[in-house]
Amino acid sequence: MAESVPAPHPHPTTTAEFAANLAAVRANITAAAQRAGRAPAEVRLLPVSKTVPEDRLRLAIEAGCHRLGENKVQEAKRKSENLAELGVEWAVIGHLQTNKAKDVAAFAAEFQALDNLRVAEALDRRLTDLGRTLEVFVQVNTSAEESKFGLPPEELAGFLRELPRFETLKVQGLMTLALFTSEADRVRECFRTLRTLRDRARADSPELIGPGELSMGMSGDYELAIEEGATCVRVGQAIFGARNTPDSQYWPPTRPQN
Ligand SMILES: *Cc1c(COP(=O)(O)O)cnc(C)c1O
């Protein structure tokens with residue numbers, strides 16, 4: 001049974017150590033998928049590199065990371081510029097303010113935290129200018145915690161109906177952060193909520209949800225998430241080592257307005 005309290009994570013400093021961490025996470029992904037009777041290939045591993053400096057990122061890229069997730073736009077933009085020659089793709093997975101949409105439109109391949117129409121509109125405008133498209137996941141707040149970004153579940157269906165007019169945004173599915181707790185049942189409940197919402201959207205209006213992906217699960221809970229149907233897991237510390245930065249920097253205790 002997967003535990004949702006993260007074990008202390010080793011801090012790799014060579015390409016071989018990164019490769020070993022990646023292999024260990026992939027083995028866990030395979031085992032979790034098999035427990036759930038799923039094909040391991042259905043689950044994409046998105047390594048999350050926030051706070052990791054560029055010299056260590058080069059090693060991780062050498063070890064086989066081709067698309068990296070970052071929570072903050074400024075940091076992602078800087079890394080995308082400084083590592084441009086390596087051909088890595090970038091996924092922005094954190095809350096976006098409207099005034100940063102133009103940056104994301106310029107460098108990101110994927111945005112996983114779409115939860116308001118002003119951001120959708122700003123992204124679409126810039127993407128149209130640039131002749132680009134962007135894969136997007138709609139973020140849902142499945143834990144009912146004030147500190148989490150994302151749409152309340154009851155607003156999802158209405159939100160999805162608004163998105164087709166933004167032709168540059170390619171909806172891939174839904175994303176969530178589970179409750180931060182060591183109680184596995186409560187974590188599982190968040191993942192089930194997301195899957196149920198996806199299933200309902202597929203039944204009601206399949207054209208609005210694209211491939212219907214479920215981005216859920218982080219270092220502490222990705223195995224549970226896979227058992228509950230995740231098709232993308234966002235894993236940072238289990239690959240890159242423990243972070244010193246407190247998570248409150250990414251999930252502020254009260255939710256700022258855009
Ligand atoms: C940092 C982050 C992750 C990964 O968290 P880890 O504990 O490092 O695995 C996943 N999703 C989002 C949105 C994040 O900001």
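Given the structure is predicted, the values throughout are model-derived calculations rather than measurements. (Residues numbered from 1 in each chain as written. Predicted model: local features only at pLDDT ≥ 70, side-chain atom pairs only at ≥ 80, totals over all residues. Heavy atoms only, no water.)

1. Quick word on the pattern of salt bridges
For step 1, the next point in the chain: Counting across every chain of the model gives 18 salt bridges.
For step 2, the next point in the chain: Where salt bridges share partners, they join Arg35, Arg188, Arg192, Arg195, Glu227 and Glu228 into one cluster. (Salt bridge = Lys/Arg side-chain N within 4 Å of Asp/Glu carboxyl O.)

2. A closer look at the packing of aromatic side chains
For step 1, the next point in the chain: Counted under the stated rule, the structure contains 1 aromatic pair.
For step 2, the next point in the chain: A ring pair is formed by Phe18 and Phe240, whose centres lie 5.6 Å apart and whose planes are at 65°; its orientation type is edge-to-face. Taken together, the residues Phe18 in helix α1 (residues 15–35) and Phe240 in helix α9 (residues 237–240) connect sequence positions 222 residues apart. As far as the burial class goes, Phe18 and Phe240 line up, both buried.
For step 3, the next point in the chain: The ring of Tyr250 is capped by Lys50, whose NZ or CZ atom sits 4.2 Å from the centre of that ring. (Phe/Tyr/Trp six-rings, centres within 6.5 Å; stacked < 30°, edge-to-face > 60°. Helix = DSSP H or I, 4+ residues; strand = E, 2+ residues; numbered from the N terminus. Buried < 20%, exposed > 50% of the residue type's maximum accessible area, 1.4 Å probe, protein only. Lys NZ or Arg CZ within 6 Å of the ring centre and 35° of its normal.)

3. Looking at the UniProt feature "domain: Alanine racemase N-terminal" (unreviewed entry) in the protein
For step 1, the next point in the chain: According to UniProt, the positions carrying the feature "domain: Alanine racemase N-terminal" (unreviewed entry) are residues 21–243.
For step 2, the next point in the chain: Taken end to end, residues 21–243 is 42% helix and 17% strand, and its two terminal C-alpha atoms sit 15 Å from one another. (UniProt positions renumbered as here; feature names shortened; annotations may be inferred.)

4. As for the pairing of strand β2 (residues 67–70)
For step 1, the next point in the chain: Because side chains alternate across β2, one face comprises the buried residues Arg67 and Gly69, and the other comprises Leu68 and Glu70, equally buried.
For step 2, the next point in the chain: Inspection of the sheet shows β2 paired to strand β3 (residues 89–92) by 4 bridges, in the parallel sense. Looking at β3, one finds that Leu68 is bridged to Trp90.
For step 3, the next point in the chain: Remark: the β2/helix α3 (residues 73–82)/β3 crossover connection has right-handed handedness. (Pairing = 2+ DSSP bridges. Right-handed = clockwise from strand over helix to strand, strands pointing away.)

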